[in-house]
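# Overview (structure and organization)
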Amino acid sequence: MIQMSAPKRTNVQMLLFDDEQNSSQFDENITSSSTFINNMSLPIHRWFRYSAGFSAQWVEDTIRGTISSKSSSLLNEEKFVVLDPFVGSGTTLLATEQVGVNGVGFESHPLISRIASAKLLWNTDVGSFIDYANGILSFAKSHTKKLSQYPVIIQRCYDSDNLTMIDMLKYALSENANDSNEYHLSWLAFLSILRSTSHAGTAQWQYVLPNKSKTRVLSVYDAYKAQVELMCADMLEFASTASSIHSHLIQHDARRDFFDLENSVDMIITSPPYANNYDYADATRLEMCVLGEINGWGDLQQAVRPSLIRSCSQHVSKEKNQTFDFLSDPLLEPIRDEIFSVCTQLDEEKDSHGGKKNYHTMIALYFLDLAKVWINLRKMCKPNSDICFVIGDSAPYGIYVPVDEWLGKLALAAGFNSYHFEKTRDRNIKWKNRKHRVPLKEGQLWIRG
Ligand SMILES: C[S@@+](CC[C@H](N)C(=O)[O-])C[C@H]1O[C@@H](n2cnc3c(N)ncnc32)[C@H](O)[C@@H]1O
């Protein structure tokens, strides 16, 4: 394997997923060293707390480092294209706007994609946004209507005053809906206060059953007003340092072809879902139930999961009997013997666990999905592009899955030239309640070619 010389980088640590609420955690608990926390002090980034995000400052430094490591005679920064095929909350795209390169991204989760798209509207005129957002609030306050029907879980998350205000703001937004930037920003202001105004013990990101009570919560109207004010201040602050180049987000499944970008990407910075059973669909259950897009957990399978990488066992239960058929797919040829052995062990191990989770199916389909992603990325990348995947390995039921190595091999099979993993931290070493003793790591998988 050719070792590539990576540009100078600062440390990046992604928040690990606390899957305790799904009772499916097998990696480790959330660590306080997540650089997502840093994003919460940055304008625009902090509009929606996305615990799966990585550090915006690190992304900016990494893009700048990569550009400066390339021969300047070959490089026109304004034509430099950075792709993030798993945009999440939009960290990479916002970073490209600060650096002054072209950013383009895919996100397939419908709600997350809508949130990130709204964040990218930060350059809307602040005065017209505040007028529109205040108009929504006045409309909500000056109208009355019968409370809409909400699923029981939502009724348990809010007291009746706050649920009434949520319902009225939602009504005001739907009555004034249009495709203006101001409307989308006001929608995001509403969406971003749903956690802070719930008295239930909903975590900032992960959906949690409302069995813990907060002693004090904000009134929905006050929280909305404060959020709009924060957004206005952030829009001005971000504009003071941003370039004039705007990025583009497409709601798109990274496993599918995207012909418009063929041979046009210089660099990829991304973090795909980890193979660690974190349920991205369930993570937005609270918001989607309030919006009326789903009525409960059961609706997620159709409403969200079909477009997501299969990285959690809930996603794959229907396919469990075909696991070993999937493993014979030619796309898995580069890792066939190893993945076959791991999936066989996982299949056997599940019978000695109460939950009998289909991790063997999850692992097979996760790598099949990522193999498809690499093939598409190869078509979109120019020769000699730099690709950085922030990734962690995994050990369901304590059986080790060398995620970085397998992803590297799949990337080579898709036509890239080299891979190299740089560890940024160890995982699963400190927590007393960890479920297994397998040492894990997290870091940057660098691919070139
Ligand atoms: C680790 S998060 C990315 C977080 C991002 N780096 C940030 O800072 O916000 C992975 C994202 O991939 C998205 N995703 C999952 N499957 C996808 C697919 N097939 N195509 C595009 N996006 C997908 C998830 O919804 C999730 O938002």
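Our subject is the structure that appears above.
So, here's what we can say about the structure. Sequence positions are assigned chain by chain, starting from 1 and proceeding in written order. A pLDDT threshold of at least 70 governs which residues receive local features in this predicted model, and a stricter bar of 80 or more applies before side-chain atom pairs are shown or counted, although totals over entire chains, interfaces and linings include all residues. Side-chain figures throughout are based on the complete set of non-hydrogen atoms in the structure, without hydrogens or water.

## Overview of the packing of aromatic side chains
The geometry of two aromatic rings is summed up by the distance between their centres and the angle between their planes. Rules: When the centres of two rings from Phe, Tyr and Trp lie within 6.5 Å, Trp using its six-membered ring, the rings pair. Their planes under 30 degrees apart give stacked, over 60 give edge-to-face, and anything left gives tilted. Using a 1.4 Å probe on the protein chains alone, a residue whose accessible area is under 20% of its type maximum counts as buried, one over 50% counts as exposed, and one in between counts as partly exposed. In this description a helix means any DSSP run of H or I spanning at least four residues, a strand means any run of E spanning at least two, and both kinds are numbered starting from the N terminus.
Tallied over the full model, the rule gives 11 aromatic pairs. For the ring pair F54 and W58, a centre distance of 5.5 Å and an interplane angle of 65 degrees mean the geometry is edge-to-face. W58 carries the same exposure label as F54, and that label is buried. Taking the centre distance of 5.8 Å and the plane angle of 70 degrees together, the rings of W374 and F416 count as edge-to-face. Here W374, found in helix α14 (residues 359-380), pairs with F416, found in the loop between α15 (403-413) and β6 (418-427); they are 42 residues apart in sequence, far enough to count as distant. Like F416, W374 is buried. An aromatic cluster of three or more residues is present, and its members are Y366, F367 and W406.

## What about the pairing of strand β4 (residues 265-270)?
On any regular strand, side chains alternate: one points to one face of the sheet, the next to the other face. Quick note on the threshold: The rule for pairing is simple: two strands pair if DSSP sees at least two bridges between them.
Among the 6 residues that make up β4, 6 are buried, leaving the element largely enclosed by the rest of the structure. Examined bridge by bridge, strand β1 (residues 81-84) and β4 share 2 bridges and lie parallel to one another. Its bridge partner being in β4, L83 is matched across the sheet by I268. Bridging between β4 and strand β5 (residues 381-392) involves 5 bridges; their strand directions are parallel. Looking across to β5, one finds that I269 is bridged to C388.

## Re the sheet that holds β4
Applied cut-off: Working convention: axes come from line fits to C-alpha atoms, limited for helices to the stretch in contact. Angles between N-to-C directions cover 0 to 180 degrees. Any two residues whose heavy atoms approach within 4.5 Å at even a single point are treated as in contact.
Read from one edge of the open sheet, 7 strands run β3-β2-β1-β4-β5-β7-β6, paired in mixed fashion. Strands with a single pairing partner mark the edges of an open sheet, and in this sheet they are β3 (248-251) and β6. For this sheet the average axis-to-axis angle between neighbouring strands, irrespective of direction, equals 15 degrees. Relative to strand β7 (residues 440-448), β6 is paired through 9 bridges, and the arrangement is antiparallel. Bridged to R427 within β7 is L440. Those strands touched by helix α4 (residues 110-119) are β2 (102-107) and β3, and its axis lies near 165 degrees from that of β3. Packed onto the sheet, α14 meets β1, β2, β4, β5 and β7 and runs at close to 150 degrees relative to β5.

## Looking at the nonpolar core
Heads up, the rule is: Grouping buried Ala, Val, Leu, Ile, Met, Phe, Trp, Tyr and Cys residues that are joined through side-chain atoms within 4.5 Å yields what is termed a nonpolar core.
Ranked by internal contacts, the top residues of the largest apolar core, which has 70 residues, are I154, Y158, L169, F190 and Y224. Secondary-structure elements contributing two or more residues to this core are α3 (91-99), α4, α5 (126-142), α6 (152-157), α7 (160-175), α8 (181-191), α9 (220-241) and α10 (285-291). The greatest single-element share of this core, amounting to 9 residues, is contributed by α9. Here Y158 is in contact with L163, I166, L194, T197, S198, H199, L286 and V290, once residues within four sequence places are set aside. Counting residues in hydrophobic clusters, the runner-up holds 69 residues, among them A95, I363, I387 and Y419.

## With respect to the site of the ligand
Stated precisely, the cut-off is as follows: The cutoff for a nearby residue is simple: one of its non-hydrogen atoms must lie within 4 Å of the molecule or strand. Polar contact is the term for a pair of N or O atoms within 3.5 Å; when the atoms are in protein, one must be able to donate a hydrogen and the other to accept it, and sequence-neighboring residues count only if both atoms are side-chain atoms. Every accessible area reported is derived by Shrake-Rupley at a probe size of 1.4 Å, with residue values counting cover from the shown protein chains alone. Using only the protein atoms, space was sampled on a 1 Å grid; points where a 1.4 Å probe fits but cannot get out form cavities, open sets with protein on both sides within 12 Å along at least five of seven lines form pockets, and lining residues are those with an atom within 4 Å of a point. A molecule is said to be in a cavity or pocket once over half of its atoms fall within 2 Å of that pocket's grid points. Under the grouping applied here, Gly and all other residues not named as nonpolar or charged are polar, the nonpolar ones being Ala, Val, Leu, Ile, Met, Phe, Trp, Tyr, Cys and Pro and the charged ones Asp, Glu, Lys and Arg.
Around the ligand, 25 residues are found, and the nearest of them are Y50, S89, T91, E107 and D253. Contacts to the ligand include Y50, whose side-chain N or O atom sits 2.4 Å from an oxygen atom. At a separation of 2.9 Å, a nitrogen atom of the ligand approaches a polar backbone atom of I309. When isolated, the ligand has an accessible area of 610 Å², and the protein chains bury 100% of it. Among the detected pockets, the ligand sits in the largest cavity. Residues belonging to the shell around the ligand are distributed by class as follows: 13 nonpolar, 9 polar and 3 charged.

## Digging into empty space enclosed by the protein
Spelled out, the test is: Grid points are joined across faces, edges and corners, and a volume is the space filled by probe spheres set on the points.
For the structure shown, the criterion picks out 3 cavities of 30 Å³ or more. In this structure, the largest cavity spans a volume of roughly 320 Å³. Lining the largest cavity we find 28 residues, and of these F86, G88, E107, S271 and P273 sit closest to its centre. Taken as a whole, the second largest cavity encloses approximately 50 Å³ of empty space. Residue lining of the second largest cavity: Y278, D279, Y280, A281, R305, L308, I309, S311, C312 and H315, and that is the complete set.

## Quick notes on the packing of α4 against α8
Heads up, the condition is: Working definition: roughly parallel below 35 degrees, roughly antiparallel above 145 degrees, roughly perpendicular at 65 to 115 degrees, and oblique for all remaining angles. Left-handed describes a crossing in which the near helix is turned anticlockwise from the far one by less than a right angle; the clockwise case is right-handed.
Close contact between α4 and α8 brings their axes to 9 Å; oriented N to C, the two are set at 120 degrees. Comparing the axis directions of α4 and α8 gives the class oblique. Along this stretch, α4 crosses α8, giving a crossing that reads as left-handed. Between α4 and α8, the contacting residues are L111, R114, I115, A118 and K119 on the first element and Y183, H184, L185, W187, L188 and L191 on the second.

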